[in-house]
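Here is what each chain is made of, one letter per residue.
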Amino acid sequence: MTGSNTNLTIEATSVRLNAKASDTASIEPVIERQLLSRRPDEVVVAIEAAGVNPSDVKAATGLMPYAVFPRTPGRDFAGRVVDGPQQWIGKSVFGSSGDLGIRRDGTHASHLVVEAAALVEKPDGMSMNEAAGIGVPFVTAIEGFRRSGMPKPGEHVLVMGVNGKVGQAAVQLATWQGAKVIGVVRKDEGYEGHANAPIEIVNSAATDVAKRVRELTDGKGADIIFNTVGDPYFDDAHHSLAKGGRQILIAAVHKIVQFNILEFYRGRHTYLGIDTLAFSSVESADVLRSVLPGFAAGLLRPYPIADRSIYALADAKAAYDAVIGSSRDRIVLRPGA
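Residues numbered from 1 in each chain as written. Predicted model: local features only at pLDDT ≥ 70, side-chain atom pairs only at ≥ 80, totals over all residues. Heavy atoms only, no water.

**Comments concerning the sheet that holds strand 9 (residues 180-185)**
Logical step 1: Read from one edge of the open sheet, six strands run 10-9-8-11-12-13, paired in parallel fashion. The sheet terminates laterally at strand 10 (200-203) and strand 13 (270-273), the two strands that pair on one side only. Looking at each pair of strands side by side, their axes are set apart by 20 degrees on average, direction ignored.
Logical step 2: Bridge count for strand 8 (residues 156-160) against strand 11 (residues 222-227) is four bridges, and the pairing is parallel. (Pairing = 2+ DSSP bridges. Helix = DSSP H or I, 4+ residues; strand = E, 2+ residues; numbered from the N terminus. Axes fitted to C-alpha atoms, helices over the stretch in contact; angles between N-to-C directions.)

**Points about the packing of helix 3 (residues 135-148) against helix 8 (residues 281-289)**
Logical step 1: For the pair helix 3 and helix 8, the least separation of the axes is 9 Å and the interaxial angle reads 75 degrees. In terms of axis orientation, helix 3 runs roughly perpendicular to helix 8. Taking contact as the criterion, the partners of G135, F138, V139, I142, E143 and R146 in helix 3 are, on helix 8, S284, V287 and L288.
Logical step 2: The class makeup of the residues in the contact of helix 3 with helix 8 is five nonpolar, two polar and two charged. (Parallel < 35°, antiparallel > 145°, perpendicular 65-115°, else oblique. Contact = heavy atoms within 4.5 Å. Nonpolar A, V, L, I, M, F, W, Y, C, P; charged D, E, K, R; others polar.)

**Observations regarding the pattern of salt bridges**
Logical step 1: Summed over the entire model, instances satisfying the criterion amount to 18 salt bridges.
Logical step 2: Here K220 ties to D223 by a salt bridge, and the two come within 2.8 Å at their closest N and O atoms.
Logical step 3: Salt bridges sharing common partners tie together R16, E32 and D105. (Salt bridge = Lys/Arg side-chain N within 4 Å of Asp/Glu carboxyl O.)

**A look at the side chain of T217**
Logical step 1: Here T217 is to be found in the loop between helix 5 (209-216) and strand 11.
Logical step 2: Filtering out sequence-adjacent residues up to four positions away, T217 remains in contact with H156 and I182.

**Considering the packing of helix 3 against helix 4 (residues 165-176)**
Logical step 1: One way to put it is that helix 3 packs onto helix 4 with a least axis distance of 8 Å and a crossing angle of 50 degrees. Relative to helix 4, the element helix 3 lies oblique. For the crossing formed where helix 3 meets helix 4, the hand is right-handed. Across the interface between the two elements, P137, F138, T140, A141, I142 and F145 from helix 3 touch K165, V166, A169, A170, Q172, L173 and A174 from helix 4.
Logical step 2: Of the residues belonging to the contact of helix 3 with helix 4, the class tally is 10 nonpolar, two polar and one charged. (Left-handed = near helix turned anticlockwise from the far one by under 90°.)

**Some remarks on the environment of K122**
Logical step 1: By the element assignment, K122 lies in the loop between strand 7 (120-121) and helix 2 (128-132).
Logical step 2: Note: C-alpha distance between K122 and V202 (80 residues apart in sequence) is 35 Å.
Logical step 3: Leaving out residues up to four positions away in the same chain, K122 has contacts with S92, V93, F94, S127, M128 and A131.
Logical step 4: Here the side chain of K122 touches M126 through a polar contact of 2.5 Å, landing on its backbone oxygen. (Polar contact = N/O pair within 3.5 Å; in protein donor to acceptor, adjacent residues only side chain to side chain.)

**A closer look at the nonpolar core**
Logical step 1: Among the nonpolar cores identified, the biggest contains 43 residues, and F138, F145, V157, V159 and F226 are the most heavily contacted of them.
Logical step 2: At the level of secondary structure, the elements contributing two or more residues to this core comprise helix 2, helix 3, strand 8, helix 4, strand 9, strand 11 and helix 8.
Logical step 3: For this core, the leading source of residues is helix 4, giving six residues.
Logical step 4: Other than its neighbours up to four places away in sequence, V157 contacts F145, P151, A174, A179, K180, V181, I182 and I224.
Logical step 5: Of all hydrophobic cores here, the second largest spans 16 residues; its members include V15, L17, A316 and A322. (Core = buried A, V, L, I, M, F, W, Y, C linked by side-chain atoms within 4.5 Å. Buried < 20%, exposed > 50% of the residue type's maximum accessible area, 1.4 Å probe, protein only.)

Structure, rendered in C-alpha cells:
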C-alpha cells in the first residue's frame, strides 16, 4: 500500500538531554518543541505512555559511550499511529529498542518517528500504560531464553533477582513453557509477580543458595540460570548449575570475577551474555511479536502500573530519580498527564 497523503509535519513536545551529566543527581532534562517528519518507511506515533528504564538514566551520564547529545531519551513506547502507511493509521501499537533514546531520539515525547517494521500491535485488554512497560524487560528475558534454549517442561530454571522486572519476565516465560522455577531474593520476601505455576523462593541472606538448589533439584542443579544481578551472584550461580547447564548474564556491579575454568569445562557449562542495547527497533519488535500468543492467552501478563508511578513529561527528572533509586514500580511517562 502507499503511504498516507498527509505526510504530516508534527510539532512534538519532547524531553531533551542537551549534555552529558557528571552523575545521576546532575541530570537536567528540559522540555523542548521539535518539528518531526518521516521517511516513506516510517510512521509517526502519538505517544500515550513511555516506559522509563535504568538504561535511560545511565545513558545520560555517559555509561553508554555511543549515546549522542542532545537527544530525547526513552526506549519503550505505546501509542497510536497518526501518520504513515495507510494500513497503520489509527492502530494502537507498542514497541521497544536498543537504539531509540540512545543513538537517536527516543520515546519520552508526545510523538515518535520510528520504522513501520518496529511496530507491534497492542493486544486487546492491555492498557497503554501496561504496553509501555513491557519492552526492555521482556525483550531481555525472551532473548536470554532464545540464546540458552527455551526452557522445557520439567527443566529447572533458577532466577537470580527474581523480583526485578527482568526476573519477573523470566519467571513468566519459564512457567509458561512448563519449567520448574526457583527464585532468589536478598531478604525475607515472596515472589511479587505473575507465574503460571508455584515457584520456590530462596533467601540468599539466610540460606546457602547452591546447597538449597541442589536439594530442590534432587542433587542435579539448575538447567538454566537467569542471573539478572551479575557478579554478586556469580559464585552461587556457578555452583548451582547442573551438568551441561546454561547461565544467562545481563548485568554487572563489578566487571571482574574469579572464574574457575576447570569447573566450567568439566561441568560442560555455557555462559551467555545478553545486551539488548545492540538491538534495533525492528529487531526488538520481532522479539516481542514472538510471545504475543502468550499475552493474548493471559499466560503472560504486563506489569501493573500504579498511579504513583505515572509522571508527566515535565516531571521527567522525578521519574528518572525513581528508577535510579531502585523503585520496584514500573515507571512510565505520559505526555497527557
